[in-house]
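Coordinate inspection notes
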Amino acid sequence: MQELLVVKDLRKTFRISKKQQKIDHTKEKTKVAVDRLSFTAYKGEIFGLLGSNGAGKTTTLRMIASLISPDEGDVLVDGFSVRTQAGQVRGRIGFLTSELKLEEFFTPNYLYEFFSELHGVDKKIRAERKAKLFAAFGIEKFAEVKIADLSTGMKQKVSLVVSVVHDPDIIIFDEPTNGLDVLTAKVVTDFLLDLKSQGKTIIVSTHIFSLVEKICDRVGVVINGTMALCDSLENVTKEKDLETVFFELYKEKAGDVA
Ligand SMILES: Nc1ncnc2c1ncn2[C@@H]1O[C@H](COP(=O)(O)OP(=O)(O)OP(=O)(O)O)[C@@H](O)[C@H]1O
Ligand SMILES: [Mg+2]
C-alpha cells in the first residue's frame, strides 16, 4: 500500500479572544485544538476522521491542506512537506467544504475558468475536463446561470467540480453531507466513491456514523484533538457497531457524554 498522506504529531493551539472567553465561560487564554495527532492514508482509500463538535477535525484538515500552519509536527503529501513545500502540496490537494460559499454573481463557466487559471491548468486539458465534469453533474444547462439563481443542490455540485479542476490526487472534504438533502448527499457520496475508483485518496471529516460505515475504508476517531483510535472499519466494527465503539471510547477518554 502506497502511503500518500502522512500526518505526524500535528499540534495547533489557538488564542482565545476576550469575546470568545465570555461565550465559553472560560478564563483560559489558549485552546489546544489539535494535540499531537498522527495518521497515514494510503492511495485509493477513503479515510474518515470521526469526531464530535470541537474535536479538532477542521483544524486538522486545514493544516493538511496547508491553509494554516502547524505549531508542531508535519504533514507529508505524496512526500512533500506542508511546512516547506506548500506549493507542491496545494497542487496535489483538492479541499472541499460544505460551507464553501461561491461568489453569487458569477456563473459556473466563469468559476471553472477562474479556478483552472489559479491552478495553472493547461487550456486544452481544461476544456476536456470541464466537458466531462459538467456532463457528469448535469451542470451544462446551467453553465451561464448566475450562482445566485441555482438551487442549493446545483450550487453544491458546482463547488465539487471547481475544487477538482486540477485533478488532485488527494481530496479533502470537511463534513461532506452537512446540511444537504438526501438526493444531494447521494450525489456527493457517489462522487467520492467515483473518485476512489479512479485511484484517488479521499479524507473526509464527519460526526455521522452511517457515512463512515457507508464509504470509509479506514477510520480515525478524534477526541479532544488526539487520535483515540485508528484502524480499518472492518477491524473497528468487528465486535460492536461504530456508534457503540465511539461512545465507549469517548467515555474512556473524555468522561461522560453530556
Ligand atoms: N481560529 C480559531 N481560533 C480560536 N479557536 C479555534 C479556532 N479554530 C478552531 N478553534 C477551536 O479549536 C477547537 C477545534 O475546532 P475544530 O473546528 O477543528 O473542530 P471540529 O472537530 O471541526 O468541530 P465541528 O464538528 O464543530 O466542525 C474548538 O474548540 C474550536 O473552538
Ligand atoms: Mg469542523
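Structure report, in brief.

Some details on the sheet that holds strand β6 (residues 93–97)
One open sheet holds the 6 strands; their spatial order is β6-β7-β8-β3-β9-β10, and the pairing between them is mixed. Each edge of the open sheet carries a strand with a single partner, namely β6 and β10 (226–232). Neighbour-to-neighbour, the strand axes of the sheet open up by a mean angle of 15°, direction not taken into account. With 5 bridges joining them, strand β7 (residues 170–174) and strand β8 (residues 201–206) adopt parallel strand pairing. Pairing of Asp174 across the sheet is with Ser205, part of β8. Packed onto the sheet, helix α6 (residues 152–163) meets β6 and β7 and runs at close to 160° relative to β6. Against the sheet, helix α10 (residues 242–254) makes contact with β3 (46–50), β9 (218–223) and β10, and its axis sits at roughly 30° relative to β9, the strand it touches most.

Quick word on the nonpolar core
Formed by 46 residues in total, the largest nonpolar core has its most connected members in Leu50 and Leu192. One finds Leu10, Leu37, Ile172 and Ile203 within the second-largest nonpolar core, a separate group that totals 27 residues.

A word on the site of ligand 1
Lining the immediate environment of ligand 1, one finds 13 residues, of which Gly54, Gly56, Lys57, Thr58 and Thr59 sit closest. Contacts to ligand 1 include Gly56, whose backbone N or O atom sits 2.9 Å from an oxygen atom. At 2.8 Å from an oxygen atom of ligand 1 is found a side-chain nitrogen or oxygen belonging to Lys57. In isolation ligand 1 offers 630 Å² of accessible surface; the protein chains occlude 64% of this area. Put simply, the parts of the chain that give the shell around ligand 1 at least two residues each are β1 (3–15), β2 (30–42) and α2 (57–64).

A short note on the sheet that holds strand β5 (residues 80–81)
What the 4 strands build is an open sheet, ordered β2-β1-β4-β5; its pairing is antiparallel. The outermost strands of the open sheet, each flanked by one partner alone, are β2 and β5. Together, β1, β2 and β4 (72–77) form the strand contacts of α2, whose direction differs from that of β1 by roughly 120°.

Some points on unusual backbone geometry
In the Ramachandran plot, Asp9 falls in the positive-phi region, its phi being about 50° despite a non-glycine side chain. Tracing the backbone shows Asp9 in strand β1.

Analysis parameters
Residues numbered from 1 in each chain as written. Chains lettered and ligands numbered in written order. Predicted model: local features only at pLDDT ≥ 70, side-chain atom pairs only at ≥ 80, totals over all residues. Heavy atoms only, no water. Pairing = 2+ DSSP bridges. Helix = DSSP H or I, 4+ residues; strand = E, 2+ residues; numbered from the N terminus. Axes fitted to C-alpha atoms, helices over the stretch in contact; angles between N-to-C directions. Contact = heavy atoms within 4.5 Å. Core = buried A, V, L, I, M, F, W, Y, C linked by side-chain atoms within 4.5 Å. Buried < 20%, exposed > 50% of the residue type's maximum accessible area, 1.4 Å probe, protein only. Near = heavy atom within 4 Å. Polar contact = N/O pair within 3.5 Å; in protein donor to acceptor, adjacent residues only side chain to side chain. Areas by Shrake-Rupley, 256 points an atom, 1.4 Å probe, with all protein chains shown as cover.

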